[in-house]
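If you want the building blocks of each chain, they are given just below.
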Amino acid sequence: MTGTAAALHLLIAMAFVSIPTVRARYGARAQAAAEAELDRQGVPTRVLAENKLRFDAGGHETAVPVGVALTLAVLAALNLTGNAWGETLSWIVLPVVLLGNVLILHSQLTAVRTVQAHFAKSGDATLQRIDVVALLDAAEKAFPSWVLPGLQNVRHAVVMAGSIALLVLLALA
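Report follows, based on the coordinates.

Rules used in this analysis
Residues numbered from 1 in each chain as written. Predicted model: local features only at pLDDT ≥ 70, side-chain atom pairs only at ≥ 80, totals over all residues. Heavy atoms only, no water. Helix = DSSP H or I, 4+ residues; strand = E, 2+ residues; numbered from the N terminus. Contact = heavy atoms within 4.5 Å. Phe/Tyr/Trp six-rings, centres within 6.5 Å; stacked < 30°, edge-to-face > 60°. Buried < 20%, exposed > 50% of the residue type's maximum accessible area, 1.4 Å probe, protein only. Lys NZ or Arg CZ within 6 Å of the ring centre and 35° of its normal. Core = buried A, V, L, I, M, F, W, Y, C linked by side-chain atoms within 4.5 Å.

**Quick look at the environment of tyrosine 26**
The topology assignment puts tyrosine 26 in helix H1 (residues 3–40). Along the backbone, tyrosine 26 and alanine 142 are 116 residues apart, and their C-alpha atoms lie at a distance of 7.5 Å. Leave out the neighbours within four places in its chain, and tyrosine 26 touches Phe143, Pro144 and Trp146.

**Re the packing of aromatic side chains**
Within a pair of aromatic rings, the relevant descriptors are the distance that separates the centres and the angle that separates the planes. Summed over all chains, the structure comprises 1 aromatic pair. With a centroid separation of 6.4 Å and 80° between ring planes, the pair formed by tyrosine 26 and tryptophan 146 is classed as edge-to-face. Taken together, the positions of tyrosine 26 in helix H1 and tryptophan 146 in the loop between helix H7 (132–141) and helix H8 (147–172) put the pair 120 residues apart, joining distant regions of the chain. For tyrosine 26, a relative accessible area of 16% puts it in the buried group. The class of tryptophan 146 is partly exposed, set by a relative accessible area of 47%. Sitting above the plane of the phenylalanine 16 ring, arginine 155 keeps its charged end 4.6 Å from the centroid.

**A word on the nonpolar core**
Within the largest apolar cluster, 21 residues are counted, with the highest numbers of intra-cluster contacts made by Leu38, Leu48, Phe55, Phe119 and Ile130. Of all the elements in the fold, those that place two or more residues in this core are H1, helix H2 (46–50), helix H5 (111–122) and H7. By residue number, the principal contributor to this core is H1, which donates 5 residues. Not counting the four nearest positions on each side in its chain, leucine 48 is found in contact with Gln31, Ala34, Glu35, Leu38, Leu53, Phe55 and Leu135.

Encoded structure:
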């Protein structure tokens, strides 16, 4: 389990940094589109920051994927050099990566409901009158058309298929 495993680790690592990279490049445009939508709805744009809604690559939106990518790069190096820790740590890290990606996918699929529920629970009349679908749609449309759902789906496929393939390789090793 050397070259193939290392290549798969690096492929998954690249998939993890793809979205923060896109968010770093186009996130300000998406943030501006979301703020423009709030202006259109007559809602102060500060509600985004107050409720930790961002469309750029800041905070955990970058730190977590970059941390995962760096971990996978280290595993690739360990596996490429034949270090036994590479296999051992892969057994630990890959299920976490797979589960984490499932959670990411779930959060993307339930984004509208989650934001609506958060706003409803707030008790804030301003938040409760926001058209969340229009808000998220405006932000999404600010990204290039190849990002959503294209890159997002490719990213999920690479992470899930790559993780499963690596776990199969580990089991056969």
